[in-house]
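In case you want the letters, here they are:
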Amino acid sequence: MRVKIFLFSLIIFPMMTWAQNSGQIKGKITDFDEKPLDALKVILNQGQQTTYTNSQGIYIFDNLPKGKYEIQVENPVFVKTYTVTIETDQHLVYNLSQSSYLYELETVNVSANRRTIPSSTLRIGENLLLTPQNIQVIDRQVLSDQQILTTADGISRNISGVRTITHQEEGSVGLAVRGFAASNLRNGMDVSGSFGPLREDISFVERIEFVKGPAGFMMGNTQPGGFYNIVTKKPMGTQKKVFQMTLGSYNLYRASADIDEILSKDGKLTGRLNVMGTKKQSFQQYVEHEQYVFNPSLKYDLSENTNVTLEYILSQNSFVGGFAKYSYGIDGFKDVPKEFNFADPIVDPTKSAETNIFGTINHNFNEDWLLVGQFGYVKSEMEGESLYGMYNNIVLVDDLANNKKKGDVQRGISINDALNTSTVGQVFTRGKFTTGSVNHAVLGGLDMGEKFYVADWTVINQPVGPVFNIYNPVYGKLRKSDLPSYDRSRSLRERGANYLTNYSYTSLHIQDEARFLDDKLRIAGGLRYTNTVKTSGADNGKRVKNDAITPRFSVTGVLSPSWTAYALYDESFQEQTGMLVGGGSADPSYGKNTEIGTKKTWFNSKLMTGLTFYHLTKTNMLTSAGPENPGLSEQTGESLSKGIEFDLNGTIGNNWNVMFNYAFTDAKVTEDNDRNKVGMMLYGTAKHISNAWIKYTITKGSLEGLGFTLGYEYQAKRAAWPVTKEKYLPDNLFSLDSGISYKRSKYQISLLVNNVTNRYNYVGYYPGAWGYKHYGWRVVNPQGFRLNLVYNL
């Protein structure tokens with residue numbers, strides 16, 4: 001009951017002060033040649049509201065009440081503050097022109113409003129208020145306030161209907177959207193693989209964008225539930241230097257630097273360098289992690305309309321733990337302390353590394369048309385080993401006659417060797433033209449990619465060391481002589497030949513959005529053609545070809561400058577890899593999404609809310625065949641996901657930063673070879689997910705810069721993994737976080753405490769799942785703190 005009262009209070013509080021105004025200030029900023037200046041920060045009333053000019057040099061402040069306003073451009077050229085007055089419902093146009101090149105400005109192709117404008121890598125170049133799809137943005141400020149260090153660190157709490165699947169999170173991250181695994185994009189390019197990419201460290205992440213549904217305007221070979229797009233940091237020419245140090249629970253030590261510089265006298269060459277080093281342990285014994293990141297990038301303005309960006313990311317990981325972090329229980333979940341695991345100090349670390357190379361060229365033909373070309377290469381590799389409790393080896397009751405105690409289990413060991421590469425490229429164009437009284441917005445392009453995967457997950461089916469008891473674990477008894485010798489004399493390609501997969505895809509897309517009634521009614525239609533070619537051990541090396549045409553249709557109505565409604569139909573096609581039980585490879589999956597929603601901005605566009613209803617189906621579901629069939633999959637049938645999503649994100653006044661989301665998700669199996677599975681929930685599902693984050697900052701007086709944060713994460717009626725006859729895990733997940741921060745001048749210090757109540761949160765499976773005779777789970781969200789120091793130079 002207390003949890004429900006707490007959640008209700010956080011939902012109602014931000015809504016009590018909502019109001020709407022309809023005044024507007026709009027303008028265009030140009031240089032002395034009348035060419036638009038983009039990505040300029042425009043400030044209203046000394047920070048009451050900020051925005052950025054778009055690729056056409058246009059800035060907009062919406063929903064302003066009657067009164068006087070000061071406008072200032074954050075740039076040395078524009079030294080003057082401009083004052084304007086708005087009468088009730090008045091829309092003003094206020095253009096600014098640069099007088100001379102006193103300062104070399106960066107050239108960017110699309111606008112960068114952090115709240116409502118997506119990055120250029122999402123292609124649409126449109127305010128999210130007007131985009132007929134549920135798209136949510138997590139910006140740098142939220143990542144900093146929540147002290148999120150990696151994408152496996154809880155980014156899902158900021159988006160409705162998204163769950164983090166905790167499994168080998170030092171190496172990779174699993175996110176489920178609307179009940180389905182989320183595809184992973186970086187800078188708008190799909191880098192998802194059978195293994196990898198490695199989970200991203202936030203040190204090189206500028207923002208994270210979640211797109212719900214197939215999103216045929218973006219890609220032709222992704223999951224139907226949606227994807228998340230990692231936008232990496234790039235040169236901005238700000239000449240800023242940011243240094244951070246973080247200390248925390250379980251011996252967390254972390255340091256990072258972000259340096260953004262102008263590298264040439266004419267200002268055309270800019271560079272950015274991000275470096276990071278982390279060393280930490282865990283609340284579980286003998287679990288350790290070390291990582292460093294090296295991320296240089298360069299940008300060169302070939303002309304005022306053309307620029308090129310090159311980026312390199314090296315991420316090195318070393319971790320101990322792996323599959324040993326799973327807990328076992330005989331009498332139920334939480335049967336052993338949170339600290340329990342199967343690890344041992346004798347086991348060597350697993351080492352993983354990832355290399356990223358990205359390149360982008362942007363060209364503006366004019367104010368209405370642009371062309372973008374991108375390429376990317378991601379190589380993810382891992383080599384190591386992991387202890388685990390041997391399959392169904394645990395003693396369920398005391399057997400004194402044979403000297404066996406309840407909870408006795410033999411440990412085994414597995415090889416963790418894998419390699420995954422993604423080579424991707426894309427070219428797209430976006431533009432506008434008019435036919436009579438109808439305006440058109442056109443988007444089209446070509447996407448190509450090649451994915452390679454090979455792995456050796458060999459399980460050594462023999463006991464390692466003495467008997468281990470889950471209720472009385474004794475660590476440090478293993479010797480190197482107890483561990484088997486791995487035959488790595490053969491190449492990974494040879495050892496993993498049965499699981500080796502190589503596939504490529506080519507996809508063409510065209511979409512036209514026709515805008516009627518002064519752009520208040522928007523009707524869009526698009527088609528995407530995708531062709532895939534794959535070879536794998538599952539098909540004895542034969543080439544298998546598949547293709548599909550997937551349509552997309554949408555209707556958007558602009559009910560007011562701050563309120564829109566939309567309807568969307570979208571389809572997806574996705575190639576699937578992996579060997580099936582009994583031989584052969586998986587068929588592609590097809591998805592269909594029907595969605596209606598409404599969006600609204602409040603408080604001068606500083607706060608956005610969205611309400612979405614969706615109905616999504618997927619064919620040819622692919623699931624793991626379980627530990628008795630390591631590395632194999634089952635293609636089980638079809639599934640349905642339907643639900644409601646609500647998202648609120650933004651600021652209220654100068655003091656409050658608020659985020660709230662709620663999702664009801666009904667995701668289940670509708671067809672299956674095993675009739676007993678029909679009606680079961682999809683593994684990445686919780687019926688009810690709700691999250692909130694509130695930050696209050698004092699902006700005046702002697703305590704200016706002092707901030708307080710409070711947030712929660714709540715999941716109810718959670719599906720176990722995998723789903724069995726028991727629908728839900730017996731406990732809901734709830735975590736309460738609280739923090740305090742102080743920012744003054746160039747310095748900032750923040751303290752955040754996660755899971756203040758130290759609740760025992762977990763995800764897991766019941767006896768019967770994959771034939772297990774015991775309970776199994778992973779502990780998540782333990783109590784801990786992080787103290788972060790930031791210095792801006």
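Residues numbered from 1 in each chain as written. Predicted model: local features only at pLDDT ≥ 70, side-chain atom pairs only at ≥ 80, totals over all residues. Heavy atoms only, no water.

## Observations regarding the overall build of the chain
Looking only at helices and strands, the chain features three helices and 47 strands. Over its C-alpha atoms the chain spans a radius of gyration of 27 Å, differing by no more than 12% from the 28 Å that the globule rule assigns to 793 residues. With the principal axes as the frame, the chain shows a C-alpha extent of 90 × 65 × 55 Å. The burial tally for the chain puts 57% of its 793 residues in the buried class. For the chain, the proportion of contacts with a sequence separation of at least 24, taken over those separated by at least 6, is 68%. (Helix = DSSP H or I, 4+ residues; strand = E, 2+ residues; numbered from the N terminus. Rg over C-alpha atoms; globule rule 2.2 N^0.38 Å. Buried < 20%, exposed > 50% of the residue type's maximum accessible area, 1.4 Å probe, protein only. Contact = heavy atoms within 4.5 Å.)

## Quick look at the pairing of strand E28 (residues 417-435)
As paired strands, strand E24 (residues 370-383) and E28 are joined by 13 bridges and run antiparallel to one another. Bridge pairing in E28 links Val372 to Phe428. Both E28 and strand E29 (residues 438-456) contribute to a ladder of 19 bridges, which runs antiparallel. Within E29, the residue paired with Gln426 across the bridge is Asp447. Linking E28 to E29, which pair antiparallel, is a turn of two residues; within it Gly436 sits at a positive phi near 65 degrees. (Pairing = 2+ DSSP bridges.)

## Brief notes about the pattern of salt bridges
Within the structure shown, the criterion is met by 35 salt bridges. The partner of Asp737 in a salt bridge is Arg157, with the nearest N and O atoms 2.4 Å apart. In this pair, Asp737 sits in strand E43 (residues 733-744) while Arg157 sits in the loop between helix H2 (140-145) and strand E10 (162-165), placing the two residues 580 residues apart along the sequence. With respect to class, Asp737 is no different from Arg157; both count as buried. One salt bridge in this structure joins Asp417 and Arg488, with 2.8 Å as the shortest N-O distance. Of the two residues, Asp417 sits in strand E28 while Arg488 sits in the loop between strand E31 (468-469) and helix H3 (492-495), which places them 71 residues apart along the sequence. Assessed through its relative accessible area of 29%, Arg488 is described here as partly exposed. Three or more residues joined by partner-sharing salt bridges are found here, namely Glu126, Glu513, Arg515 and Arg522. (Salt bridge = Lys/Arg side-chain N within 4 Å of Asp/Glu carboxyl O.)

## Topic: the side chain of Ser315
Relative to the helices and strands, Ser315 is located in strand E21 (residues 306-320). Among the residues examined, Ser315 registers a relative accessible area of 5% and is labelled buried. Here the side chain of Ser315 touches Gln291 through a polar contact of 2.9 Å, side chain to side chain. The contact partners of Ser315, leaving out residues within four places of it in the chain, are Gln291, Tyr292, Val293, Ser352, Ala353 and Glu354. (Polar contact = N/O pair within 3.5 Å; in protein donor to acceptor, adjacent residues only side chain to side chain.)

## Thoughts on the packing of aromatic side chains
In the structure shown here, the tally under the stated rule is 25 aromatic pairs. Consider the rings of Tyr391 and Tyr772, whose centres lie 5.1 Å apart with planes at 70 degrees: the pair is edge-to-face. Taken together, the residues span a long stretch of sequence, with Tyr391 in the loop between strand E25 (385-389) and strand E26 (408-409) and Tyr772 in the loop between strand E45 (761-765) and strand E46 (775-780) at a distance of 381 residues. Judged by relative accessible area, Tyr391 falls into the partly exposed class, the value being 34%. Overall, Tyr772 belongs to the buried group, its relative accessible area being 12%. Clustering of aromatic rings is evident, with ring pairs tying together Tyr286, Tyr328, Phe340, Phe342, Phe468 and Tyr475. The residue whose ring lies beneath Arg178 is Tyr614, and the NZ or CZ to ring-centre distance is 4.0 Å. In this structure, Arg778 packs its charged tip against the face of Tyr326, placed 5.8 Å from the ring centre. (Phe/Tyr/Trp six-rings, centres within 6.5 Å; stacked < 30°, edge-to-face > 60°. Lys NZ or Arg CZ within 6 Å of the ring centre and 35° of its normal.)

## Quick word on the sheet that holds strand E30 (residues 459-460)
Strands sit in the order E25-E27-E30 across an open sheet of three strands; the sheet is antiparallel. A single partner strand is all that each edge strand has here, and the edge strands are E25 and E30. With two bridges connecting them, strand E27 (residues 411-415) and E30 associate as antiparallel partners. Opposite Ser414, over in E30, you have Val459 as the bridge partner.

## Overview of the environment of Gln291
Secondary-structure assignment places Gln291 in strand E20 (residues 288-301). Linking Gln291 and Ser318, residues 27 residues apart in sequence, is a C-alpha distance of 6.3 Å. The residues touching Gln291, leaving out its near neighbours within four places in the chain, are Arg199, Asp201, Met276, Gly277, Thr278, Ser315, Gln316 and Asn317. In this structure the side chain of Gln291 is engaged in a polar contact, spanning 3.2 Å, whose partner is the side chain of Arg199.

## Structural notes on the confidence of the model for the chain
In this model, the chain carries a mean pLDDT of 87, and residues with pLDDT of at least 70 account for 91%. pLDDT under 50 marks residues 99-114. Its contacts with residues more than four places away, or in other chains, come to 66 contacts. (pLDDT = per-residue confidence, 0-100.)

## What about empty space enclosed by the protein?
In total, this model carries eleven cavities of 30 Å³ or more according to the counting rule given. Size it by volume and the second largest cavity reaches roughly 170 Å³. Lining the second largest cavity are 15 residues, with Leu128, Ile135, Gln136, Met608 and Asp647 positioned closest to its centre. Among the secondary structure elements, those contributing two or more residues to the lining of the second largest cavity are strand E9 (135-138), strand E38 (607-624) and strand E39 (632-652). Among the elements that line the lining of the second largest cavity, the one with the most residues is E38, at five residues. Here the residues of the lining of the second largest cavity are counted per class, giving six nonpolar, six polar and three charged. (1 Å grid on protein atoms, 1.4 Å probe; cavity = no way out; pocket = protein on both sides within 12 Å on 5 of 7 lines; lining within 4 Å. Points joined across faces, edges and corners; volume = space filled by probe spheres on them. Nonpolar A, V, L, I, M, F, W, Y, C, P; charged D, E, K, R; others polar.)

## Quick word on the sheet that holds E9
One open sheet accounts for five strands, arranged E9-E15-E16-E13-E14; its pairing is mixed. Looking at strand neighbours, the two that pair on one side only are E9 and strand E14 (189-190), the edges of this open sheet.

## Focus: a nonpolar patch on the surface
Together, Leu446, Met448, Leu508, Ile510, Leu527, Tyr529 and Ile549 make up a nonpolar patch on the protein surface, roughly 630 Å² of accessible area in all. At the level of elements, E29, strand E32 (501-516) and strand E33 (521-536) are the ones that each hand at least two residues to the nonpolar patch. Mapping Leu508 onto the fold places it in strand E32. (Patch = residues over 30% accessible without salt bridge, like charges linked within 9 Å, V, L, I, M, F, W, Y side chains within 5 Å. Areas by Shrake-Rupley, 256 points an atom, 1.4 Å probe, with all protein chains shown as cover.)

## Points about unusual backbone geometry
In this structure, Arg178 takes a positive phi of about 55 degrees despite not being glycine. Note that Arg178 resides in the loop between strand E11 (174-177) and strand E12 (180-181). Of note, Asn781 is a non-glycine position whose phi angle comes to about 50 degrees, a positive value. Residue position: Asn781 is located in the loop between E46 and strand E47 (784-792).

## Brief notes about the nonpolar core
Within the largest apolar cluster, 47 residues are counted, with the highest numbers of intra-cluster contacts made by Ile138, Leu143, Ile155, Ile208, Phe210 and Tyr228. Elements with a minimum of two residues in this core: E9, H2, E11, strand E15 (205-212), strand E16 (226-232), E24, E28 and E32. Here this core takes four residues from E15, the largest share from any one element. The residues touching Phe210, leaving out its near neighbours within four places in the chain, are Asn134, Ile135, Gln136, Ile138, Ile155, Ile159, Val162, Leu175, Val177, Phe227 and Tyr228. The next biggest cluster of nonpolar side chains, apart from the first, holds 35 residues, and it includes Ala324, Val409, Tyr762 and Tyr766. (Core = buried A, V, L, I, M, F, W, Y, C linked by side-chain atoms within 4.5 Å.)

## Quick notes on the environment of Phe516
Position of Phe516 relative to the elements: it lies in strand E32. The class for Phe516 is partly exposed, based on a relative accessible area of 30%. Sequence spacing of Phe516 and Gly557 is 41 residues, and the spatial spacing of their C-alpha atoms is 9.9 Å. Beyond its immediate sequence surroundings of up to four residues, Phe516 is in contact with Val438, Leu521 and Ile523.

## Focus on the environment of Glu339
Relative to the elements of secondary structure, Glu339 occurs in the loop between strand E22 (327-329) and strand E23 (350-364). Taking the C-alpha atoms as reference points, Glu339 and Ser282, 57 residues apart in sequence, are found 8.8 Å from one another. Excluding residues within four positions of it along the chain, Glu339 makes contact with Phe283, Gln284 and Gln285.

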